[in-house]
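# Structure assessment
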Amino acid sequence: MNVTENVTSTGSEESPYPVYYTHKDRVFRLLFRDKKRLLELYNALNDTSYTNTEQLTVNTLENAIFLKMKNDVSFLIDCNMCLYEHQSTYCPNMPIRGLFYLTDLYKKHIKDIDLGVKRQIKIPTPHYIVFYNGTERQEEEFIQKLSDSFESDKEGCLELRVRTLNINYGHNKRLMDKCKTLSDYSYFIAQIRKNIKTMSMEQAVASAVDTCIAENILKDFLLEQKAEVIAMSIYEYNEEYVKKTLHEDGYEEGYGAGKNDGITKGKAENLIANVEALMKNLGFDLAKACESLSITVTDYEDAQKNKKQAER
């Protein structure tokens, strides 16, 4: 599938790069959509040595978006069903997302099988892994469990475990040594973050791309997909920044709990500023800017009202 399929894009007067308006396309997903790279990653994680990409069947649900987030890649190999996702900010709800996604994958896998038969139906063993390069958690690896979300502390009849691996540059060295593609991706992201300290977002991303090409880091991939990678990275890091700001300001927690009256003038101002920054810097209209922040236009309008009331 061409990267621009099912994608709405536009260019702003300030940016020569198209902006991708979908949750679907991310650099990590674009990189590991290639079956050879995906097999390399699987081998590195499992100490296996598969070489035939035909043994790997990608079964990503292309039209499914759960909780406003798109799954990155899922695939079958041997007797295993693997679900891989990338996260640049910590999300405590990954087990719930995985439950929904894996349920749909299994429904698709056994859709023509009569579950009323007397013999036991065998299904692929699930493996759910998150590749995390955020800054909130510093562990090399941690486990999230579905039971952590249960309202009571009583043992339920269902569990799902998510293995999260820190792929920030310098972490999980053994894994990185075994998977050059993942190591290169980690280095690329580190370059962007280093550049952001002294450059604009567009300059930081473009410079990181040029540096990696010069240093033979993801060189072929970046040369082939340069415009797409730059556009996606600009979108991702603007989105990551504004979501992180919302979280730090407490707006998500306060508004999500229905505490609209408790939103301070400062939080309202930050929400408004983040929405308007997306509109200005990425050329989004109001509705798209709000959607990218997982809020509604009404939330934005309420923030404006709160700000005005606080100024009286």
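Structure: above.
Conventions used here
- Residues numbered from 1 in each chain as written.
- Predicted model: local features only at pLDDT ≥ 70, side-chain atom pairs only at ≥ 80, totals over all residues.
- Heavy atoms only, no water.
- Core = buried A, V, L, I, M, F, W, Y, C linked by side-chain atoms within 4.5 Å.
- Buried < 20%, exposed > 50% of the residue type's maximum accessible area, 1.4 Å probe, protein only.
- Helix = DSSP H or I, 4+ residues; strand = E, 2+ residues; numbered from the N terminus.
- Pairing = 2+ DSSP bridges.
- Axes fitted to C-alpha atoms, helices over the stretch in contact; angles between N-to-C directions.
- Contact = heavy atoms within 4.5 Å.
- Salt bridge = Lys/Arg side-chain N within 4 Å of Asp/Glu carboxyl O.
- Expected span 1.5 Å × (residues − 1).
- Arc of directions from axis to C-beta.
- Polar contact = N/O pair within 3.5 Å; in protein donor to acceptor, adjacent residues only side chain to side chain.
- Phe/Tyr/Trp six-rings, centres within 6.5 Å; stacked < 30°, edge-to-face > 60°.

### Here's the deal with the nonpolar core
In terms of nonpolar packing, the biggest core is built from 45 residues, with Tyr84, Phe131, Leu182 and Phe188 touching the most fellow members. If one sorts the elements of this core by residue count, helix α7 (residues 219–249) sits on top with 7 residues. Of all hydrophobic cores here, the second largest spans 15 residues; its members include Cys91, Leu102, Tyr128 and Leu146.

### Description of the sheet that holds strand β7 (residues 80–87)
Read from one edge to the other, the open sheet built from 6 strands follows the order β3-β6-β7-β8-β10-β9, with strand pairing classed as mixed. Edge strands, defined here as strands with exactly one partner in the open sheet, are β3 (56–58) and β9 (141–145). Ignoring which end each strand starts from, the neighbouring axes of this sheet average 25° apart. Two elements, β3 and strand β6 (residues 73–77), share 3 bridges in a ladder whose sense is antiparallel. Across the sheet, Val58 pairs through a bridge with Phe75, a residue of β6. Across the face of the sheet, helix α3 (residues 94–109) comes into contact with β6, β7, β8 (125–132), β9 and β10 (161–166) while running at roughly 145° to β7.

### Quick word on the pattern of salt bridges
Under the definition given, this model contains 8 salt bridges. Glu139 is the partner of Arg137 in a salt bridge, and the nearest nitrogen-oxygen pair spans 2.7 Å. According to the relative accessible area criterion, Arg137 is partly exposed, its value standing at 23%. In this structure Glu139 comes out as partly exposed when scored by relative accessible area, which is 32%. Arg163 is the partner of Glu141 in a salt bridge, and the nearest nitrogen-oxygen pair spans 2.9 Å. Placement of Glu141 in strand β9 and of Arg163 in strand β10 is noted, with a sequence separation of 22 residues between them. Residue Arg163 is classed as partly exposed on the basis of its relative accessible area, which comes to 30%. One continuous salt-bridge network, built from bridges that share partners, spans Asp47, Arg174 and Lys178.

### A word on the side chain of Asn172
Among the secondary structure elements, Asn172 is positioned in the loop between β10 and α4 (173–178). For Asn172, the residues in contact, after removing those within four places along its chain, are Glu140, Leu165 and Asn166.

### Remarks on α3
An ideal rise of 1.5 Å per residue puts 22 Å on 16 residues; α3 measures up with 22 Å between its terminal C-alpha atoms. When we look at burial in α3, the residues that qualify are Met94, Pro95, Arg97, Gly98, Tyr101, Leu102, Leu105 and Tyr106. The buried residues of α3 occupy an angular sector of 155° when projected down its axis, which confines them to one face.

### Re the environment of Asp114
In this fold, Asp114 is placed in the loop between α3 and β8. Within polar-contact distance, the side chain of Asp114 engages the backbone nitrogen of Gly116 at 2.9 Å.

### Topic: helix α6 (residues 201–214)
For α6, built from 14 residues, the straight-helix expectation of 20 Å at 1.5 Å per residue is met to within 8% by its first-to-last C-alpha distance of 20 Å. Within α6 the residues assigned to the buried category are Ala204, Val205, Ala206, Ala208, Val209, Cys212 and Ile213. Directly after α6, the chain includes Asn216, whose backbone phi takes a positive value near 60°.

### What to know about the packing of aromatic side chains
In total, this model carries 10 aromatic pairs according to the counting rule given. Between Phe28 and Phe32, the aromatic rings sit 4.9 Å apart at their centres with planes inclined by 45°, giving tilted as the arrangement. Of the two residues, Phe28 and Phe32 are both situated in helix α1 (residues 27–32); the distance of 4 residues between them amounts to about one turn of the helix. Between Phe75 and Tyr84, the ring centres sit 5.1 Å apart and the planes meet at 85°, which makes this aromatic pair edge-to-face.

Interpretation note: all reported values are geometric properties and have no functional meaning in isolation.
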